[in-house]
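Summary of the model geometry
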Amino acid sequence: MSEPRMSPSDLAAAYALGALDPAEAVAFERLLADSAELQREVAEYREVNALLALGAGNATPSVGLRARVLQRIAGAPVVSIDAGRRAAPPTGLWLALAASLVAALGLGLTVMSQRRDINARDAALAGMQTQLVASESQLAAREATLNAILDPGVQLNNLTSTNNPEPRIQLFYNPAKRSAIVHAFHLKPTGPGRAYQLWFIPKGGKPIPSVVFNSEPDGHALVQKIDVPAGLELTNAAITEEPSSGSAQPTSAVLLVGPMQKS
């Protein structure tokens, strides 16, 4: 729901009453600096507030201000500034009209404030809905991963390090679909421009390059839908650290390795 735009005159009244928020006040002050008309309106609204604060005693508005207030309240033509030719309304009546004007303005500002509250509520609800959709999407992705891992034909292969017992990688391999999932624990993220790379090692052959990936700050990593080479007897899977773009052949020592079950 879009909020209705206020006219410059309404903004002048709201500014005089201190009802604009900081951003609105700054924007209005830019208009105010270049408009003598707006400067006069702000001054007159402030005079209205000051006179109302004084009460009916000696409060006497300027002729120009009185005329503008009457025009705003009744939609009447502006009263002549020649006070000798046309009698001015009694001070009490003028104050009542001025109070009506300020009350009407206050009601309008209240409505605008309520609209802002409604818009904020709608935005919050939209944000909650977005979060809900994202949560449902995450749950669906986790369910799909769980289903892939729990497939009856999936083999679990563990890749470990002989030098460091901390990092560990589970390689879930589905021979029927020739696909795999990598799930890493306590795997320290690599440095800038570097990444981990998975290799499939066939019997009597050279390592076959696969995906490159990195771990989260907490050491976890999950890589899904990894294509596994077909038509070869794979004996091992291994992990090395390579440039982030990957390598055609390993360029560093093997960090983790583990046997693959025969399919």
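The rules we used
- Residues numbered from 1 in each chain as written.
- Predicted model: local features only at pLDDT ≥ 70, side-chain atom pairs only at ≥ 80, totals over all residues.
- Heavy atoms only, no water.
- Helix = DSSP H or I, 4+ residues; strand = E, 2+ residues; numbered from the N terminus.
- Buried < 20%, exposed > 50% of the residue type's maximum accessible area, 1.4 Å probe, protein only.
- Contact = heavy atoms within 4.5 Å.
- Salt bridge = Lys/Arg side-chain N within 4 Å of Asp/Glu carboxyl O.
- Pairing = 2+ DSSP bridges.
- Core = buried A, V, L, I, M, F, W, Y, C linked by side-chain atoms within 4.5 Å.
- pLDDT = per-residue confidence, 0-100.
- Polar contact = N/O pair within 3.5 Å; in protein donor to acceptor, adjacent residues only side chain to side chain.

1. With respect to the overall build of the chain
Looking only at helices and strands, the chain has five helices and eight strands in total. Counting the 263 residues in the chain, one finds 31% classified as buried. Here the contacts in the chain between residues at least 6 apart in sequence split such that 58% fall between residues at least 24 apart.

2. Let's talk about the pattern of salt bridges
For side chains of opposite charge, pairing can occur when their charged atoms come near one another. What the rule picks out here adds up to two salt bridges. For the salt bridge of Glu241 with Arg194, the shortest nitrogen-to-oxygen distance reads 3.3 Å. Remark: Arg194 occurs in strand 4 (residues 194–202) and Glu241 occurs in strand 7 (residues 234–243); sequence separation between them is 47 residues. We classify Arg194 as partly exposed; its relative accessible area is 28%.

3. Describing the pairing of strand 7
Note: strand 4 against strand 7, nine bridges, orientation antiparallel. Bridge pairing links Ala195 to Glu242 in strand 7. Bridge count between strand 7 and strand 8 (residues 256–259): four bridges; the pairing is antiparallel. When the bridges of strand 8 are listed, Ala238 appears paired with Val257.

4. Structural notes on the nonpolar core
In this structure, Ile169, Leu171, Leu198, Phe200 and Phe213 are the most contacted members of the largest nonpolar core, which totals 21 residues. When residues of this core are traced back to their parent elements, those giving at least two are strand 2 (168–174), strand 3 (179–185), strand 4, strand 6 (221–227) and strand 7. In contact with Leu171, not counting residues within four places along its chain, are Gln155, Leu156, Asn157, Leu159, Ala180, Ile181, Val182, Leu198, Phe200, Ala237 and Met260. In terms of nonpolar packing, the next biggest core, distinct from the first, is built from 13 residues, Leu11, Tyr15, Ala16 and Tyr45 among them.

5. Describing unusual backbone geometry
Phi angles above zero are rare outside glycine, and His186 is one such case at about 50°. In this structure, His186 sits in the loop between strand 3 and strand 4. For Lys225, which is not a glycine, the phi torsion comes out positive at approximately 55°. Of note, Lys225 is situated in strand 6. Judged by its relative accessible area of 79%, Lys225 is exposed.

6. Regarding the pairing of strand 4
Regular strands show a simple pattern: their side chains alternate between the two faces of the sheet. Among the nine residues that make up strand 4, seven are buried, leaving the element largely enclosed by the rest of the structure. Bridging between strand 4 and strand 5 (residues 208–213) involves four bridges; their strand directions are antiparallel. Across the sheet, residue Tyr196 finds its bridge partner in strand 5, namely Phe213.

7. Some thoughts on the confidence of the model for the chain
Per-residue confidence for the chain gives a mean pLDDT of 75; residues scoring 70 or more make up 68%. Below pLDDT 50 for its whole length, residues 73–95 participates in 29 contacts with residues either more than four positions away or in separate chains.

8. Comments concerning the side chain of Asn174
With respect to the secondary-structure elements, Asn174 resides in strand 2. Engagement of the side chain of Asn174 in a polar contact is seen with the backbone nitrogen of Ala176, the distance being 3.2 Å. Filtering out sequence-adjacent residues up to four positions away, Asn174 remains in contact with Asp151, Val154 and Ser179.

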